[in-house]
Amino acid sequence: MDLRGYFNRIGFTGPYDKPDLDTLHTIHKQHVMTVPFENLSIHCGEKNTTDLNIIYDKIVKNNRGGWCCENNLLFSWVLKEMGYKYTTLGSKVFNKFQNGFHPVDSHLINMVEIDGKHYITDVSYGVSCQLWYPLEMISGKDQPQPPGVFRLLNDGMTWVLEKTSRKQVVKDKSYAHSSLIDRRLTKTMYCFPLTPRDKEHFVETLDCLQTSPDSRFVLKSICSLQTPNGFRALIGWTYSEITYNPEEDCDIVDMKEIPDCEIEAVLKEKFNVVLVNKFTPKNKKANYCM
């Protein structure tokens, strides 16, 4: 594993030994702009792992993306190599359909301390709730970013992350009622205590998420990538390009279906992803919005 290889992967040309906030902002944004949030391995007969060497080869050497335990574990290694003081945390994702948090930690994030202040870094939530930059850990403070306004809340024991979005305007009216459209303007993302977690803490849950027939990651193939003015996503056969339009307080959603014969080309052209094993898109009914 080589830090220079990772920086080449995300296009970072700054100093390797300057663990300050500006550098953290830069590498966080460049990661989400170049490394997709994706679960395609599950739909290629492959297994996601918490082995950092395998994750490094997948994301850095093979130009793939990954889900949270891959992207954020790799990012924790980057933080360590660069000299940042960080703590890996586990969070419980909010399920809007059940109106509650997942009962166990299923999402890995990192907390970074710089000059006595703490920040949450999360380079792998994907779609419209992806953080472009670290969030300062101040309860109740609105922290605007291009995707919307993020906000951390703390009750003394647990932190909760929520986001206020803009209205999504769908260009093709035939997709206006798509289940992928998220009509919530304010949404709860996840909650977390400040208990340090190692990667073994997530192994059992991650195995369940990629094998259970009820898991959204098993029911849907997902690939999303942030762009300079929004994000793009391929969910099953549905390809979407979302353009942020804060001047008119809306996001423009352009959706279309991709035939099987063009799926590989879309992955290559739009996400720079080339799969080695046979990929079977999937978009069965599951609770998932962009």
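Keep in mind it's a predicted model, so treat the numbers as computed, not measured.

Draft legend 1. A look at the overall build of the chain. Looking only at helices and strands, the chain features seven helices and 15 strands. Computed over its C-alpha atoms, the radius of gyration of the chain comes to 18 Å, within 12% of the 19 Å expected for a compact globule of 290 residues. Here the C-alpha coordinates of the chain stretch approximately 50 × 40 × 35 Å along the principal axes. With 290 residues in all, the chain has 53% of them scored as buried. Counting only contacts in the chain whose residues sit at least 6 apart along the sequence, the fraction spanning at least 24 positions is 61%. Treating the 35 positive side-chain charges of the chain as one cloud and the 36 negative ones as another, the clouds have centres 3 Å apart.

Draft legend 2. Quick look at the packing of aromatic side chains. Inspection of the entire model under this criterion finds eleven aromatic pairs. With a centroid separation of 5.7 Å and an interplanar angle of 55°, the aromatic rings of Y6 and F7 are classed as tilted. Owing to a relative accessible area of 0%, Y6 belongs among the buried residues under this scheme. An angle of 45° between the planes, with centres 6.3 Å apart, marks the rings of W132 and Y244 as tilted. Of the two residues, W132 is situated in the loop between β5 (117–121) and β6 (135–136) and Y244 in strand β14 (residues 238–245); the sequence distance between them amounts to 112 residues. What makes W132 buried here is its relative accessible area of 2%.

Draft legend 3. Spotlight on the pattern of salt bridges. As enumerated under the stated definition, the model contains 18 salt bridges in all. Notably, a salt bridge pairs E241 with K270, separated by 3.4 Å at the nearest N-O pair. Residue E241 is found in strand β14, and its partner K270 is found in helix α7 (residues 260–271); the two are separated by 29 residues along the sequence. Put simply, E38, E46 and R64 are held in one network by salt bridges that share partners.

Draft legend 4. Just the packing of helix α1 (residues 3–10) against helix α3 (residues 52–61), in detail. At a closest axis distance of 9 Å, the pairing of α1 and α3 adopts a crossing angle of 40°. Compared by their axis directions, α1 and α3 come out oblique. Residues G5, Y6 and R9 of α1 pack against Y56, I59 and V60 of α3.

Draft legend 5. Looking closely at the state of the cysteines. Inspection of the entire model under this criterion finds zero disulfides. No disulfide involves C191; its nearest neighbouring cysteine sulfur is the one of C68, lying 14 Å away. On the basis of relative accessible area, C191 is assigned to the buried category, the value being 10%. There is no disulfide at C289, and the cysteine sulfur nearest it, in C129, is 9.7 Å away.

Draft legend 6. Inspection of the pairing of strand β8 (residues 148–154) at higher detail. Looking at chain direction, strand β7 (residues 142–145) and β8 are connected through four bridges and run antiparallel. If you follow Q145 over to β8, its bridge partner there is G148. Where β7 folds back onto β8 in an antiparallel hairpin, the turn is made up of two residues. As paired strands, β8 and strand β9 (residues 159–164) are joined by six bridges and run antiparallel to one another. What sits directly across from N154, in β9, is W159.

Draft legend 7. Main features of the nonpolar core. Formed by 52 residues in total, the largest nonpolar core has its most connected members in Y6, F7, I27 and M290. Residue contributions to this core peak at nine residues, all from helix α4 (residues 68–82). Among all residues touching F7, those that are not within four sequence positions of it are F12, Y16, I27, V78 and M82. Grouped together as the second largest cluster of nonpolar side chains are 17 residues, I120, C129, L135 and L161 included.

Quick notes on the rules
Residues numbered from 1 in each chain as written. Predicted model: local features only at pLDDT ≥ 70, side-chain atom pairs only at ≥ 80, totals over all residues. Heavy atoms only, no water. Helix = DSSP H or I, 4+ residues; strand = E, 2+ residues; numbered from the N terminus. Rg over C-alpha atoms; globule rule 2.2 N^0.38 Å. Buried < 20%, exposed > 50% of the residue type's maximum accessible area, 1.4 Å probe, protein only. Contact = heavy atoms within 4.5 Å. Lys, Arg positive; Asp, Glu negative; His and termini not counted. Charge placed at Lys NZ, Arg CZ, Asp CG, Glu CD. Phe/Tyr/Trp six-rings, centres within 6.5 Å; stacked < 30°, edge-to-face > 60°. Salt bridge = Lys/Arg side-chain N within 4 Å of Asp/Glu carboxyl O. Axes fitted to C-alpha atoms, helices over the stretch in contact; angles between N-to-C directions. Parallel < 35°, antiparallel > 145°, perpendicular 65-115°, else oblique. Disulfide = S-S within 2.5 Å. Pairing = 2+ DSSP bridges. Core = buried A, V, L, I, M, F, W, Y, C linked by side-chain atoms within 4.5 Å.

So far we have only geometry, and geometry alone does not tell us how the molecule works.
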